[in-house]
Amino acid sequence: SLGPVLRPLSLAGHVGFDSLPDQLVNKSICQGFCFNILCIGETGIGKSTLMDTLFNTNFENFESSHFEPQVKLRAQTYDLHESNVRLRLTVVNTVGFGDQMNKQESYQPVVDYIDRQFESFLQEELKIKRSLHNYHDSRVHACLYFISPSGHSLKSLDLVTMKKLDSKVNIIPVIAKADTISKSELHKFKIKIMSELVSNGVQIYQFPLDDETVAKVNTAMNGHLPFAVVGSTEEVSVGNKMVKARQYPWGVVQVENESHCDFVKLREMLICINMEDLREQTHTHHYELYRRCKLEEMGFQDTDPECKPVSLQQTYEAKRQEFLVELQKREDEMRQMFVQRVKLKESELKEDERELQSRFEQLKRLHADEKSALEEKKRLLDEDQSSFGKRRAAAQLLQAQSLTANGKKDKDRKK
Ligand SMILES: Nc1nc2c(ncn2[C@@H]2O[C@H](COP(=O)(O)OP(=O)(O)OP(=O)(O)O)[C@@H](O)[C@H]2O)c(=O)[nH]1
Ligand SMILES: [Mg+2]
């Protein structure tokens, strides 16, 4: 519908662009490949053993305890060669997964890890001077989810975790240590798991059917999910051959024997047939979704509310304008607030002053009242004192008179 009308033309002779696919192959071989696997599963479920068995090597393995305070993700990168093909493989292991009381504490570090790898790719993409050709792409291409071979059902942690991850990564569930559960139980368990995944809306990775050369095998394999796997790096002699197996008193479980377990199916699907599709899905689906959400969160949009296309430049200009207006508004608000607060403080101070003044006046009045009361008292006292003085003088006079009178009488009596 968009773009120019195409007109088919035939070539009169050989031109040479039919070598394009070969050119692509050569370029890819030169550049090498990169593949990142995340193994999620509880401690000791067989993650490391399965990786060693899948890649026929001995990766450094650290055993972990059941007492990790938090889930950690341990990533290790290896340089592998097969024929003339170089593969940079990163194996990421969850350490301590499922040992937490709280489910979120188990899955959140995994979600965060996956997002961090997307974020660092996005940051590289958004750089002005980017170097994506030699950038170490650490985005997780495949997530092997190890299900405990209980035979009953998925744990709620399994469902919650897979649900949290299914839009971020290609999930390939596997039943671990499948040699510990009987064939008939295993069959029922597989059906149970698939129905639980469906009823909880968990989207697991489906082997693609668009490439005709592998559509048939992929269709068949989609029907065998989740693969029931057995891992072992030990070799046991069977017939006249040494094969990878687990030996028990009652017999030998051969890892690569398809009637014993689905290990070969997993290896075929993950490594030989769909590794490139897993890489592609990661980029075109999961990363694309992350990128879109991240850019929308930042306010970028392809179209405006009227569905007209908007360029990045326009969005930037609009955001800048919006920002400047907002800044001006905030500045005005701050200024207004400042003026208001100064006014308020001023009136508060005035009020205080008035109060002080009135208290001063009151005190002055009180003081004056007291003074006049004291003066009145003093006056009364003075009055008292003077009347007392008068009375005393009168009394003295009287006494003196009576003394003289008595003296006369005595003299008269002596006579
Ligand atoms: N029966 C059985 N045992 C297995 C299988 N795979 C691994 N084991 C054994 O389980 C134990 C733990 O295996 P690991 O591969 O170290 O498990 P892990 O998940 O890497 O463990 P951590 O890294 O410590 O969490 C070892 O003793 C293995 O031999 C299996 O397919 N079947
Ligand atoms: Mg391990």
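Residues numbered from 1 in each chain as written. Chains lettered and ligands numbered in written order. Predicted model: local features only at pLDDT ≥ 70, side-chain atom pairs only at ≥ 80, totals over all residues. Heavy atoms only, no water.

A cluster of nonpolar side chains, namely Leu11, Val15, Phe17 and Leu20, defines an oily patch on the protein surface of about 440 Å² accessible area. For leucine 20, the position within the fold is in helix H1 (residues 20-31). Under the relative-accessibility criterion, leucine 20 is labelled partly exposed at 48%. (Patch = residues over 30% accessible without salt bridge, like charges linked within 9 Å, V, L, I, M, F, W, Y side chains within 5 Å. Areas by Shrake-Rupley, 256 points an atom, 1.4 Å probe, with all protein chains shown as cover. Salt bridge = Lys/Arg side-chain N within 4 Å of Asp/Glu carboxyl O. Helix = DSSP H or I, 4+ residues; strand = E, 2+ residues; numbered from the N terminus. Buried < 20%, exposed > 50% of the residue type's maximum accessible area, 1.4 Å probe, protein only.)

A few words on the nonpolar core. Among the nonpolar cores identified, the biggest contains 72 residues, and Leu144 and Leu266 are the most heavily contacted of them. Looking at which element gives the most residues to this core, the answer is helix H3 (residues 103-126), with eight residues. When near neighbours in sequence (up to four residues on either side) are disregarded, leucine 144 contacts Ile37, Leu38, Cys39, Ile40, Leu50, Met51, Leu54, Ile172, Val174 and Leu266. (Core = buried A, V, L, I, M, F, W, Y, C linked by side-chain atoms within 4.5 Å. Contact = heavy atoms within 4.5 Å.)

Time to look at the site of ligand 1. Around ligand 1 there are 17 residues in total, and Lys47, Ser48, Thr49, Asp179 and Gly231 lie nearest to it. For ligand 1, an oxygen atom lies 3.0 Å from a polar atom in the backbone of glycine 46. At 2.8 Å, a side-chain N or O of aspartate 179 approaches a nitrogen atom of ligand 1. For ligand 1, the accessible surface in isolation is 640 Å², of which the surrounding protein chains cover 78%. Sorting the residues of the shell around ligand 1 by element identifies helix H2 (47-55) and strand S8 (241-248) as the ones contributing at least two each. Sort the elements by how many residues they give to the shell around ligand 1 and H2 lands first, with three residues. Within the shell around ligand 1, the residues separate by chemical class into four nonpolar, eight polar and five charged. (Near = heavy atom within 4 Å. Polar contact = N/O pair within 3.5 Å; in protein donor to acceptor, adjacent residues only side chain to side chain. Nonpolar A, V, L, I, M, F, W, Y, C, P; charged D, E, K, R; others polar.)

For the pair H3 and helix H4 (residues 156-165), the least separation of the axes is 10 Å and the interaxial angle reads 25°. Comparing the axis directions of H3 and H4 gives the class roughly parallel. You can see that H3 and H4 cross each other, and the crossing is right-handed. Contact residues: Lys103, Ser106, Tyr107, Val110, Val111 and Ile114 in H3; Ser156, Leu157, Val160, Thr161, Lys164 and Leu165 in H4. In terms of residue class, the contact of H3 with H4 is built from seven nonpolar, three polar and two charged. (Axes fitted to C-alpha atoms, helices over the stretch in contact; angles between N-to-C directions. Parallel < 35°, antiparallel > 145°, perpendicular 65-115°, else oblique. Left-handed = near helix turned anticlockwise from the far one by under 90°.)

Let's shift gears to the UniProt feature "domain: Septin-type G" (unreviewed entry) in the protein. UniProt tags residues 31-297 as "domain: Septin-type G" (unreviewed entry). Across residues 31-297 one finds 40% helix and 22% strand; the C-alpha atoms that close the span lie 34 Å apart. (UniProt positions renumbered as here; feature names shortened; annotations may be inferred.)

This paragraph deals with the side chain of glutamine 117. Looking at the element boundaries, glutamine 117 is found in helix H3. Looking at glutamine 117, the relative accessible area reads 11%, which means it is buried. Within the local environment of glutamine 117, its side chain forms a polar contact with the backbone oxygen of tyrosine 113, the two atoms lying 3.0 Å apart. Separated by 2.7 Å, the side chains of glutamine 117 and serine 138 make a polar contact. Filtering out sequence-adjacent residues up to four positions away, glutamine 117 remains in contact with Tyr135, Ser138 and Arg139.

Let's shift gears to the sheet that holds strand S7 (residues 235-238). Strand order in this open sheet of three strands is S7-S8-S9, and the pairing throughout is antiparallel. Edge positions in the open sheet fall to S7 and strand S9 (251-254), since each of these has one partner strand only. Recorded for the sheet is a direction-independent mean angle of 65° between the axes of neighbouring strands. (Pairing = 2+ DSSP bridges.)

The next subject is the packing of H3 against helix H8 (residues 275-297). Each packed pair of helices is defined by two parameters, the angle between the axes and the distance between the axes. Where H3 contacts H8, the axes come no closer than 10 Å and their chain directions differ by 80°. By the angle class used here, H3 and H8 are roughly perpendicular. Counting all contacts with H3, which are made through Asp115, Phe118, Glu119, Phe121, Leu122 and Glu125, the residues of H8 involved are Thr282, His283, His286, Tyr287, Tyr290, Arg291 and Lys294. Considering only residue class, the contact of H3 with H8 consists of five nonpolar, three polar and five charged.

What follows deals with the packing of aromatic side chains. Applying the stated criterion across every chain yields a total of ten aromatic pairs. With a centroid separation of 4.6 Å and an interplanar angle of 45°, the aromatic rings of phenylalanine 59 and tyrosine 78 are classed as tilted. With phenylalanine 59 in the loop between H2 and strand S2 (72-82) and tyrosine 78 in strand S2, this pair connects stretches of sequence that are 19 residues apart. As far as burial versus exposure is concerned, phenylalanine 59 and tyrosine 78 are alike and both buried. Centre to centre, the rings of phenylalanine 118 and tyrosine 290 are 5.4 Å apart; their planes meet at 35°, and the pair counts as tilted. Separated by 172 residues along the polypeptide, phenylalanine 118 in helix H3 and tyrosine 290 in helix H8 bring together distant segments of the chain. Residue class for tyrosine 290 comes out buried when judged on its relative accessible area of 13%. (Phe/Tyr/Trp six-rings, centres within 6.5 Å; stacked < 30°, edge-to-face > 60°.)

A word on the environment of threonine 213. For threonine 213, the location among the structural elements is in helix H6 (residues 212-222). For threonine 213, a relative accessible area of 69% corresponds to the exposed category. Sequence separation of threonine 213 and isoleucine 273 is 60 residues, and the distance between their C-alpha atoms is 10.0 Å. Of note is the side chain of threonine 213, whose polar atom sits 2.7 Å from the side chain of aspartate 211.

UniProt marks residues 339-383 with the feature "coiled-coil region" (unreviewed entry), using the numbering shown here. Span residues 339-383 is 100% helix and 0% strand, its end C-alpha atoms 66 Å apart.

Let's shift gears to the pairing of S8. The sheet contact formed by S7 and S8 spans four bridges and is antiparallel. Residue pairing across strands places serine 237 opposite methionine 242, the latter belonging to S8. Once S7 ends, the chain turns through two residues before running back antiparallel as S8, passing glycine 239 with a positive phi of about 65°. Here S8 runs beside S9; their pairing, made up of four bridges, is antiparallel. Paired with glutamine 247 across the strands is valine 252, a residue of S9. A loop of two residues connects S8 with S9, the two strands running antiparallel in sequence.

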